[in-house]
Amino acid sequence: MVGEKMCNKTFAYYKLILYFWSQKRTLMAKYELPYFGKITLSEDDDYHEIEDVVINDCQVSINIDCMGETPTKAEVADIQKVLAFLPEIDKQVHKTIVEEYHSNTSSHVKDYVDLVEDVAEEQGEALLSLIKLTNVCILTDATVFAVLDYTIGEDLTDEILAVGLDREGKITSFSIES
């Protein structure tokens, strides 16, 4: 009788372990993402990077940082959407950079141009054509969902025009970083 109870407890214990293991495997599902192919996004496998991706004739690094959390299906769908539309998003960002430069208000775009003019061959508006996408960082658990880094050339300056995006790929902010 004692042996039977012990056996039942052991069996229940192993059933519990198998249950939690199967739940973790469910959370660690593989996803097919543009540029990355099949990858696992989970709290255990939370950072992925790929380099030398060509987007609109620019060499770009792309990284996904799940910040120690397993993304929800909705977050993965947002990641897929932003990655799938990166060329279009990049074109929209360039259009917005030009609009910001021509606006009558102060902006980080104007500040960036002023900051890098002395190291660039071009000046003012002509400098805008030199600004290229270099890095995309997707942050699944942050206020800003994605940050796109732009520069006139990593060999010329370490100053970056960082563009924040929301989950829909819409611009939320500009900032200057080094």
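Residues numbered from 1 in each chain as written. Predicted model: local features only at pLDDT ≥ 70, side-chain atom pairs only at ≥ 80, totals over all residues. Heavy atoms only, no water.

Caption draft 1: Inspection of the overall build of the protein chain at higher detail. Helix and strand content of the protein chain: 4 helices and 8 strands. Ordering the α and β elements of the protein chain from the N terminus gives α-β-β-β-β-α-α-α-β-β-β-β. Split into buried and exposed, the 178 residues of the protein chain put 39% on the buried side. A sequence separation of at least 24 residues applies to 46% of the contacts in the protein chain between residues at least 6 apart. When the accessible surface of the protein chain is summed, it comes to about 10,600 Å², and 53% of that surface belongs to carbon and sulfur atoms. (Helix = DSSP H or I, 4+ residues; strand = E, 2+ residues; numbered from the N terminus. Buried < 20%, exposed > 50% of the residue type's maximum accessible area, 1.4 Å probe, protein only. Contact = heavy atoms within 4.5 Å. Areas by Shrake-Rupley, 256 points an atom, 1.4 Å probe, with all protein chains shown as cover.)

Caption draft 2: Focus on the pattern of salt bridges. Taken as a whole and assessed by the stated rule, the structure comprises 4 salt bridges. The salt bridge involving Lys81 is made with Glu168; its shortest N-O contact spans 3.5 Å. On the criterion of sequence distance, the pair formed by Lys81 in helix H2 (residues 73-84) and Glu168 in the loop between strand E7 (160-165) and strand E8 (171-177) is long-range, its members being 87 residues apart. (Salt bridge = Lys/Arg side-chain N within 4 Å of Asp/Glu carboxyl O.)

Caption draft 3: Here's a closer look at helix H3 (residues 86-102). Between its first and last C-alpha, H3 extends 24 Å over 17 residues, near the 24 Å set by a 1.5 Å rise per residue. Listed as buried for H3 are Leu86, Ile89, Asp90, Val93, Thr96 and Ile97. For H3, the buried positions fall inside an angular range of 125° around the axis, keeping them on one side. (Expected span 1.5 Å × (residues − 1). Arc of directions from axis to C-beta.)

Caption draft 4: Summary view of the side chain of Thr151. Here Thr151 is to be found in strand E6 (residues 146-151). Under the relative-accessibility criterion, Thr151 is labelled buried at 3%. Side-chain polar atoms of Thr151 contact the backbone nitrogen of Gly153, separated by 3.2 Å. Here Thr151 is in contact with Tyr112, Leu130, Ile131, Lys132, Thr134, Thr157 and Glu159, once residues within four sequence places are set aside. (Polar contact = N/O pair within 3.5 Å; in protein donor to acceptor, adjacent residues only side chain to side chain.)

Caption draft 5: Representation of the sheet that holds strand E5 (residues 132-139). Ordered by their spatial adjacency, 6 strands build an open sheet running E3-E4-E5-E6-E7-E8, and the pairing between neighbours is mixed. Every other strand in the sheet has two partners, leaving strand E3 (47-55) and E8 as the edge strands with one partner each. Pairs of neighbouring strands in the sheet enclose a mean axial angle of 20°, with direction left out of account. In terms of strand pairing, E3 meets strand E4 (residues 58-65) through 7 bridges, oriented antiparallel. Each bridged residue has a counterpart across the sheet, and for Ile55 the counterpart in E4 is Cys58. Across the sheet, helix H4 (residues 108-116) is in contact with E6, E7 and E8; its angle to E8 comes to roughly 25°. (Pairing = 2+ DSSP bridges. Axes fitted to C-alpha atoms, helices over the stretch in contact; angles between N-to-C directions.)

Caption draft 6: Structural view of the nonpolar core. By size, the foremost hydrophobic cluster in this structure holds 40 residues, and its most contacted members are Leu33, Leu41, Ile62, Ile64, Leu83, Ile138 and Leu148. Excluding anything up to four places from it in sequence, Ile138 contacts Asn63, Ile64, Asp65, Ile79, Val82, Leu83, Phe145 and Ala146. (Core = buried A, V, L, I, M, F, W, Y, C linked by side-chain atoms within 4.5 Å.)

Caption draft 7: Up close: unusual backbone geometry. Unlike most non-glycine residues, Asn56 shows phi in positive territory, near 50°. Relative to the helices and strands, Asn56 resides in the loop between E3 and E4.

Caption draft 8: Broad picture of H4. Among all positions in H4, only Val109, Lys110, Tyr112, Val113 and Val116 are buried. Down the axis, H4 shows its buried residues gathered within 160° of arc, on one side only. Tucked into the core, H4 has its buried residues touching H3, E6, E7 and E8.

Caption draft 9: Structural view of the packing of H3 against H4. Axis separation between H3 and H4 bottoms out at 8 Å; the angle between their running directions is 85°. The angle between H3 and H4 places the two elements in the roughly perpendicular class. When H3 is examined against H4, the residues Ile97, Glu100 and Tyr101 are found in contact with a partner set consisting of Val109, Lys110 and Val113. In terms of residue class, the contact of H3 with H4 is made up of 4 nonpolar, no polar and 2 charged. (Parallel < 35°, antiparallel > 145°, perpendicular 65-115°, else oblique. Nonpolar A, V, L, I, M, F, W, Y, C, P; charged D, E, K, R; others polar.)

Caption draft 10: Spotlight on the pairing of strand E1 (residues 30-33). Here E1 shows a clear split, with Tyr31 and Leu33 buried on one side and none of Lys30 and Glu32 buried on the other. As defined by bridge partners, E1 adjoins strand E2 (residues 37-40) across 4 bridges and the pair is classed as antiparallel. In the sheet register, Glu32 faces E2, and the bridge partner there is Lys38. Hairpin connection, E1 to E2: the antiparallel pair is bridged by 3 residues, and Tyr35 has positive phi, about 75°.

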